[in-house]
Each structure stands twice: as structure tokens, then as C-alpha cells.
Amino acid sequence: MAEFDIIVYGATGYTGRLVAEYLAATYPGGLKWAMAGRSLTKLQQVRDEIGAPADIPLLTANADDPAALLALVGRTRCVITTVGPYQLYGEPILAACVEAGTGYVDLCGEPAWMRQMIDKYDAAARASGARIVFSCGFDSIPFDLGVWVAEQAAIERFGAPAPRVRGRIKQMKGTFSGGTAASAKASMAAAARDPSILKLLLDPFALTPGFAGPHQPNGALPHYDEAVGAWVAPFVMAVINTKNVHRTNALAGHPYGTDFQYDEMMIAPGLGELGKAAAEAIARLPQIGQGDGGPKPGEGPTKEEREAGLYEILFVAEMPDGKRVTATVTGDRDPGYGSTSKMIAEAALCLVEEVSGPGGVFTPGAIMAPPLVKRLEAKAGLRFSVE
């Protein structure tokens, strides 16, 4: 039997520290967990600064030492890794988890790397029983589970899944993490070197090897969306979220249908010409990872800024006859840090405590949608509602 339920790998980084702080505050007893990183001194410092118990185990392992990583992951039921960009630093710990049959959750929003890992490790994870779950933060849990909730409502109300769902960000206050920006820069650099990576980034079915669904709506251009009665603009994280939603559908045996269409856009503030102008202005903004602005990896907002953040996302599920059902997902912290740290912690605990079954490379929605929705509402400040 494993020594720990959870090991937080990368606990001295900005987001890893928040995950450890959340576990220490939310689960003060009964949970067996440890903090891991490269430096024992830094781990001790973070443990003391976040107010974690002095007896929380501190473990060290370097990413360039496969034997040490294998020994580390062999001590736990699940690893939470916040060490990104994953295309630069993520494979060694993932490979160790696959070999050991250990659960794994991350915050990855790098679709080309994810596809490479699926191709390379899915069969081995199935053989070892390792359950590998990508994208357990703001990308892509609220979107992945938001679509799932909307589709469940459509099936209950209309007797069939909706072949078309629109994800629309109604409001979002907060910032993306420095790690997200670094991942975006790494992805753009990789695409510049290898045209096949750019092809994957543009393919909505890049994460569903062996299946290519219908033509998908183009979320790249501002337009008036009658479904929400407002102008909408491109949403930078759609490039990863839409792929994860399609992978969830494929892994689950296409409960949304093989003809399913999905896109994500931001609702622009203002009505009429003001809304049009706002949508066009949003479309011209630099994308994540462009330029030198924004937080660097390891940097982030203050506690007060994190707690002042929020988000609200609408999901409009449309039936062929025009009938609709709308689901809403809200979060009570800034998306890139405060909410993300809670989501990945609860995803790991859900995987350990409430999910059984074979190994493989999964999305949150494909392996644990029902229990994870309940956990996030009970513990992590998310709300899922249906109209």
C-alpha cells in the first residue's frame, strides 16, 4: 500500500505552493500527503510560510534523475505536478508515473505535447494501470465539465444530446499564470520549428487519434451571436479547451454524438455598435505568451487579488429543432491561480478516493465528471447550474 495519497511535485513554485497551502488548510487531518521538489531548503521554507504542519514530509528528486523520480512516485497513489512548461519539463515525471502505475494530474494546456504523450504512453499506462489526467486547472475543467453538465441537461430534458454547444465567457476577473504564458511561448516556438506541431494546434480533433468529427465553428472572428444576444470575440484558451472537450466525448464513447460541434468565445461588453467595437478590440489584443509583459513563471498576484477574482461561463446547448438548454459555471477566485490550485487538488483527491478503473491517458470529464462536479461545488468554490 502506498505511503501517501498525494505528492505535490513542484511545491516550491508559485502554483505548487498554492496547491500545498490549499491541502494543508482544507484537509488538516486524515490525508496523507507530501511536498516534493529539488531543494529541501526551499521546501522547508515554503512549508513554514504556508503554515503547513511541521511533520508534512518533504521529498527531493531531480527531473534529470529517472531512478529518483521512479522511487518518488512509487510512494504515492497520485502525483500533482505543476512543473511546466510541460513540453520542456513534464515528461520525466509522467513517464515515472506510467512505469509505476501511479496516478497523475497536471495543469497542461499544451496540446501538441499532450498528443505526443498520448501516442507514446497511453498503451503503457493501460498496461500498468496508471491513470494520467491532463488539464486539471482552468484549462480545462470548467469548460470540460460545463459541457458535460449542459449535455446531461439536454438528455434529461429533450431525450437526446445536443449536437451543438456554445461556450461563452460572460465575465472573468483575474490573470493567467506566468506558467501559462511560458507554456504558450514554448508552444509557439515549437510550432515555428516544426510545421506538424502547428497542424496539431489548428486541428480541433488533435487529441482524438483515430477520430475526426465534423467541421467545427470558427471562433477566430468577432461576430454577433444570437444565442447569447451579444457580440462575441475570440477566447485565447479555446485552442486547448475545445480539444479536451472533443477528447472527453471520444473517450466516453461519444455520448454527445459523433456529429458534435463546439466552440468558445468571450462575450464582449456593451450593446450594438459598442459591443461590436469591444469585440473587435478584444480580437486585436496580444495573445498569451506574446511580448514581454505579464507575470513570469513563479510570479503571480497577491492573496487579495486572487480572492477578488472570479469567472462566469455560459454553455448553450442547442437541439436540431432550435430548443435550447443553458448551463452556467462560476468560480469564486481568479482563474489562473486561486481557482486553478483548488481544482487540481480536488481532481487528484477525486482520482484517489472516488474513481476506479483501468489506466490510460484521460481528461477530467472522461474519467470523473459526476464526482468531480460534486467535489468542486462542495470544496473548491465552483457552481454548476442549469436553466
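An account of the accompanying structure is given in this report.

What counts as what
- Residue positions are counted from 1 within each chain, in the order its sequence is given.
- For a predicted model such as this one, the threshold for reporting local features is a pLDDT of at least 70, and the threshold for listing and counting side-chain atom pairs is 80 or more; totals across whole chains, interfaces and linings nevertheless cover every residue.
- Calculated side-chain values reflect all of the structure's heavy atoms, with hydrogen atoms and water omitted.
- Strand pairing requires that DSSP identify at least two bridges connecting the strands.
- Each helix corresponds to a stretch of at least 4 residues labelled H or I by DSSP, and each strand to a stretch of at least 2 residues labelled E; elements are numbered beginning at the N terminus.
- Angular values range over 0 to 180 degrees, each being the angle between N-to-C directions of two axes fitted as lines to C-alpha atoms, with helices fitted over their stretch in contact.
- Here, residues are in contact when the closest pair of their heavy atoms is within 4.5 Å.
- Each angle receives one of four descriptions, namely roughly parallel if under 35 degrees, roughly antiparallel if over 145, roughly perpendicular if within 65 to 115, and oblique otherwise.
- Left-handed describes a crossing whose near helix is turned anticlockwise from the far helix through less than a right angle; right-handed describes the clockwise counterpart.
- Gly falls in the polar group here, along with every residue not listed as nonpolar (Ala, Val, Leu, Ile, Met, Phe, Trp, Tyr, Cys, Pro) or charged (Asp, Glu, Lys, Arg).
- The buried label applies to any residue whose accessible area, calculated with a 1.4 Å probe on protein chains only, is under 20% of its type's maximum; exposed applies above 50%, and partly exposed to all values in between.
- Take a side-chain nitrogen of Lys or Arg and a carboxyl oxygen of Asp or Glu: if they are within 4 Å of each other, that pair is a salt bridge.
- Put simply, buried Ala, Val, Leu, Ile, Met, Phe, Trp, Tyr and Cys residues joined by side-chain atoms within 4.5 Å make one nonpolar core.
- Between the first and last residue of a helix there are one fewer steps than residues, each counted as 1.5 Å, and that sum is the expected span.

**Here's the deal with the sheet that holds strand β2 (residues 33–37)**
Now for step 1: Across the sheet, seven strands lie side by side as β3-β2-β1-β4-β5-β6-β13; this open sheet has parallel pairing. With partners counted over all chains shown, the strands left at the sheet margins are β3 (58–60) and β13 (360–362), one partner each. Within this sheet the neighbouring strands show an average axis-to-axis angle of 20 degrees, counted without direction.
Now for step 2: With four bridges connecting them, strand β4 (residues 76–81) and strand β5 (residues 103–106) associate as parallel partners. Directly across from Ile80, in β5, lies its bridge partner Val105.
Now for step 3: Set on the sheet, helix α13 (residues 335–353) makes contact with β1 (4–9), β4, β5 and β6 (131–133); between it and β4 the angle comes to about 160 degrees.

**So, the packing of helix α7 (residues 141–158) against helix α10 (residues 238–251)**
Now for step 1: Look at α7 against α10: their axes get within 9 Å of each other, and the N-to-C directions meet at 45 degrees. It follows from the interaxial angle that α7 and α10 lie oblique. Of the two possible hands of crossing, α7 and α10 adopt the one that is right-handed. Here α7 contributes Phe143, Asp144 and Val147 to the contact with α10, which in turn contributes Asn241, Asn244, Val245 and Thr248.
Now for step 2: Of the residues belonging to the contact of α7 with α10, the class tally is three nonpolar, three polar and one charged.

**Quick word on the side chain of Thr328**
Now for step 1: Mapping Thr328 onto the fold places it in strand β12 (residues 324–331).
Now for step 2: When its relative accessible area of 7% is taken as the criterion, Thr328 is described as buried.
Now for step 3: In this structure, Thr328 is in contact with Glu312, Ile313, Leu314, Arg383, Phe384, Ser385 and Glu387, ignoring residues within four places of it in sequence.

**What to know about the side chain of Ser339**
Now for step 1: In this fold, Ser339 is placed in helix α13.
Now for step 2: Every residue in contact with Ser339, bar those within four places of it in the chain, is listed here: Tyr311, Arg333, Asp334 and Leu382.

**Structural notes on unusual backbone geometry**
Now for step 1: With an omega of 0 degrees, the peptide bond between Gly84 and Pro85 qualifies as cis.
Now for step 2: Position of Pro85 relative to the elements: it lies in the loop between β4 and α4 (86–89).
Now for step 3: Along the chain, Asp139 connects to Ser140 via a cis peptide bond; the corresponding omega equals 15 degrees.
Now for step 4: Relative to the elements of secondary structure, Ser140 occurs in the loop between β6 and α7.

**Some points on the pattern of salt bridges**
Now for step 1: Using the criterion set out here, one finds 20 salt bridges in the structure.
Now for step 2: One salt bridge connects Arg164 with Asp263, and the closest N-O pair in it is separated by 2.9 Å. Taken as a pair, Arg164 in strand β7 (residues 164–173) and Asp263 in strand β10 (residues 261–267) lie far apart in primary sequence, 99 residues in all. Asp263 shares its class with Arg164; the two are buried.
Now for step 3: Note that Glu318 and Arg324 form a salt bridge whose closest N and O atoms lie 3.7 Å from each other.
Now for step 4: Each of the salt bridges in this network shares a partner with another, and the network as a whole consists of Arg164, Arg166, Arg168, Asp225, Asp263, Glu318 and Arg324.

**Structural notes on the nonpolar core**
Now for step 1: Counting 101 residues, the largest nonpolar core has Ile6, Leu23, Trp33, Ile132, Phe134 and Phe315 as the members making the most contacts within it.
Now for step 2: Residue contributions to this core peak at nine residues, all from α13.
Now for step 3: Among the nonpolar cores identified, the runner-up in size contains seven residues, and Ala190, Leu200, Leu201 and Ala206 belong to it.

**Observations regarding the sheet that holds β7**
Now for step 1: Taken in spatial order, the seven strands make up an open sheet running β8-β9-β10-β7-β11-β12-β14, and their pairing is mixed. Each end of this open sheet is capped by a strand with a single partner; those strands are β8 (223–225) and β14 (382–386). Within the sheet, the average angular offset between the axes of one strand and its neighbour, ignoring direction, is 35 degrees.
Now for step 2: For strand β11 (residues 310–318) and β12, the ladder comprises eight bridges, and the chain directions are antiparallel. If you follow Phe315 over to β12, its bridge partner there is Ala327.
Now for step 3: Those strands touched by helix α11 (residues 272–284) are β9 (230–234) and β10, and its axis lies near 5 degrees from that of β9.

**A look at helix α1 (residues 14–26)**
Now for step 1: Spanning 13 residues, α1 covers 18 Å between terminal C-alpha atoms, matching the ideal 18 Å at 1.5 Å per step.
Now for step 2: Looking only at α1, the buried set comprises Tyr14, Thr15, Gly16, Leu18, Val19, Ala20, Tyr22, Leu23 and Ala24.
Now for step 3: Where α1 is buried, its residues contact β1, β2, β4, α12 (303–308), α13 and α14 (364–379).

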